[in-house]
Amino acid sequence: MTVAVWFRSDLRVQDNPALHAACSSREPVLAFYFFTPEQFAEHDMGLTRQRFIIDNLLSLSQELQKIGVPLLAERCDRFDDSVKKLLTLCRQHDVTQVHFNEEYELNERRRDTQAFSLLTKANIGVQRHQDQALLAPGSIMTGQGSPYRVFTPFKRAWVQLARRDAVQPLPAPKKRQSSDISATAIEKIERWVKPQPANAFWNAGSKEAYRRLDRFVELRIEGYQEQRDFPALDGTSQLSPYLAVGALSPRACIHAALSANHFEWDSGNPGIQTWINELIWREFYKHLIFNFPELCKGRAFQPATEFVRWQRSRSGFLLFLPCSFF
């Protein structure tokens, strides 16, 4: 019998709830990943991000090998194809339990519902885990039982709940006995997307993500409030790409910020507070797309603005320069 971890937007070994749970068993552990370029393109994902996924996937494969977990990666066109391939691999490798971290976008939720149904019918257990948000979407509601639509009251409710729990990232699993199954060859994965020029500025992998996080907290986070809006300054965290593909967890970011701020949520250094607020903004949007799935269809959050007619004439653009520039 075998336990499997289905990786998606969580391409890391450290602080990965699904991987941590799978490795708590004594059975051999396999890792699956399905690259779905047609689905990605439909979601307006460019080749630069797709190649960044590939590079992080290669780094993940190497990290998994160190703990005795082979990564089997397959190229499928769409989410539907990935679910079928998941079932095929589970049957092929005698998988009895699949662990994965939940995603909250509409198509991803439909994919996971389909996977849960297929696996359950095949007598394969499924365990979902909370990862992309510290507090599960749907867990924070107004006094009337409806989702928050405005950030400030959401933040107050979020902090009140989050501070009850210790924001402590999970460690990487310990090394296991190596599996007899060979991981997918690096050369095969590399062929799925050609290297893109912009990727040269973003070294892939969790080690690089954590290095950037540590450097940001050490050198720039206290000045973040004043420097973040000036492109000429190196004042931002540069962590968004790593959060997007899951090479870095939001828990790790919030824990690092709280540690630097003496575990104060809403006081202390203004720069650290500002960055924590933006991490909570990220949480807010995860809750919005879960509670208002129309946002995933490109619809307006406020229905009254759906029919606004936008001016597209180039001659309508005006450039305003502040007097202090002269």
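The coordinates are above.
Residues numbered from 1 in each chain as written. Predicted model: local features only at pLDDT ≥ 70, side-chain atom pairs only at ≥ 80, totals over all residues. Heavy atoms only, no water.

What follows is about the overall build of the protein. Helix and strand content of the protein: 12 helices and 5 strands. Rg of the C-alpha trace for the protein: 21 Å, near the compact-globule value of 20 Å for 326 residues, within the 12% margin. Projected onto its principal axes, the C-alpha coordinates of the protein cover approximately 70 × 50 × 50 Å. Looking at the protein residue by residue over its 326 residues, the buried ones come to 46%. Within the protein, contacts between residues separated by at least 24 positions form 80% of all contacts whose residues are at least 6 apart in sequence. (Helix = DSSP H or I, 4+ residues; strand = E, 2+ residues; numbered from the N terminus. Rg over C-alpha atoms; globule rule 2.2 N^0.38 Å. Buried < 20%, exposed > 50% of the residue type's maximum accessible area, 1.4 Å probe, protein only. Contact = heavy atoms within 4.5 Å.)

We now examine the layout of surface pockets. Considered as a void within the structure, the largest pocket measures approximately 920 Å³ in volume. In this structure, the largest pocket is lined by 38 residues; those nearest its centre are Ser9, Met45, Arg49, Glu105 and Glu108. Sorting the residues of the lining of the largest pocket by element identifies β2 (29-35), α3 (47-66), α4 (79-92), α5 (106-121), α10 (240-245) and α12 (270-291) as the ones contributing at least two each. Along the lines of polarity and charge, the residues of the lining of the largest pocket split into 18 nonpolar, 8 polar and 12 charged. Considered as a void within the structure, the second largest pocket measures approximately 200 Å³ in volume. Tyr224, Thr236, Ser237, Gln238, Leu239, Ser240, Leu243, Trp275, Glu278, Leu279 and Arg282 are the residues that line the second largest pocket. (1 Å grid on protein atoms, 1.4 Å probe; cavity = no way out; pocket = protein on both sides within 12 Å on 5 of 7 lines; lining within 4 Å. Points joined across faces, edges and corners; volume = space filled by probe spheres on them. Nonpolar A, V, L, I, M, F, W, Y, C, P; charged D, E, K, R; others polar.)

The subject of this paragraph is the sheet that holds strand β3 (residues 71-75). The pairing of strands in a sheet happens through backbone hydrogen bonds and is either parallel or antiparallel. In spatial order, the strands read β3-β2-β1-β4-β5; together these 5 strands make up an open sheet with parallel pairing. Only two strands of the sheet have a single neighbouring strand rather than two, namely β3 and β5 (125-129). The mean inter-strand angle of the sheet, taken between neighbouring strand axes irrespective of direction, is 25°. As judged from the 5 bridges shared by strand β1 (residues 2-7) and β2, these two strands associate in the parallel manner. Each residue of the ladder has a partner; that of valine 5, found in β2, is alanine 31. Against the sheet, α3 contacts β1, β2 and β3, and its axis sits at roughly 170° relative to β2. (Pairing = 2+ DSSP bridges. Axes fitted to C-alpha atoms, helices over the stretch in contact; angles between N-to-C directions.)

With that settled, the discussion passes to the side chain of threonine 184. Mapping threonine 184 onto the fold places it in the loop between α6 (151-162) and α7 (186-190). Given the relative accessible area of 13%, threonine 184 is considered buried. Engagement of the side chain of threonine 184 in a polar contact is seen with the backbone nitrogen of alanine 73, the distance being 2.8 Å. (Polar contact = N/O pair within 3.5 Å; in protein donor to acceptor, adjacent residues only side chain to side chain.)

The next thing to look at is the packing of aromatic side chains. By the definition in use, this model includes 17 aromatic pairs. Ring centres of tyrosine 104 and phenylalanine 290 lie 6.1 Å apart, and the angle between their planes is 90°; this geometry places the pair in the edge-to-face category. Placement of the pair is tyrosine 104 in the loop between β4 (95-101) and α5 and phenylalanine 290 in helix α12, with a sequence separation of 186 residues. For tyrosine 104, a relative accessible area of 4% puts it in the buried group. With relative accessibility at 25%, the residue phenylalanine 290 sits in the partly exposed group. Geometrically, the ring pair formed by tryptophan 158 and tryptophan 265 is edge-to-face, given 5.7 Å between the ring centres and 75° between the ring planes. Taken together, the residues span a long stretch of sequence, with tryptophan 158 in helix α6 and tryptophan 265 in the loop between α11 (250-260) and α12 at a distance of 107 residues. The exposure classification of tryptophan 158 matches that of tryptophan 265, with both residues buried. Among the aromatic residues, those joined into a cluster by ring pairs are Tyr148, Phe151, Phe154, Trp281 and Phe284. The ring of tryptophan 6 carries the charged tip of arginine 8 above its face, separated from the ring centre by 4.4 Å. (Phe/Tyr/Trp six-rings, centres within 6.5 Å; stacked < 30°, edge-to-face > 60°. Lys NZ or Arg CZ within 6 Å of the ring centre and 35° of its normal.)

Let's shift gears to unusual backbone geometry. Of note, asparagine 123 is a non-glycine position whose phi angle comes to about 60°, a positive value. By the secondary structure assignment, asparagine 123 is in the loop between α5 and β5. The class of asparagine 123 is exposed, set by a relative accessible area of 73%. Backbone geometry at phenylalanine 263 places phi at a positive 60°, although glycine is not the residue there. The residue phenylalanine 263 is located in the loop between α11 and α12 in this model.

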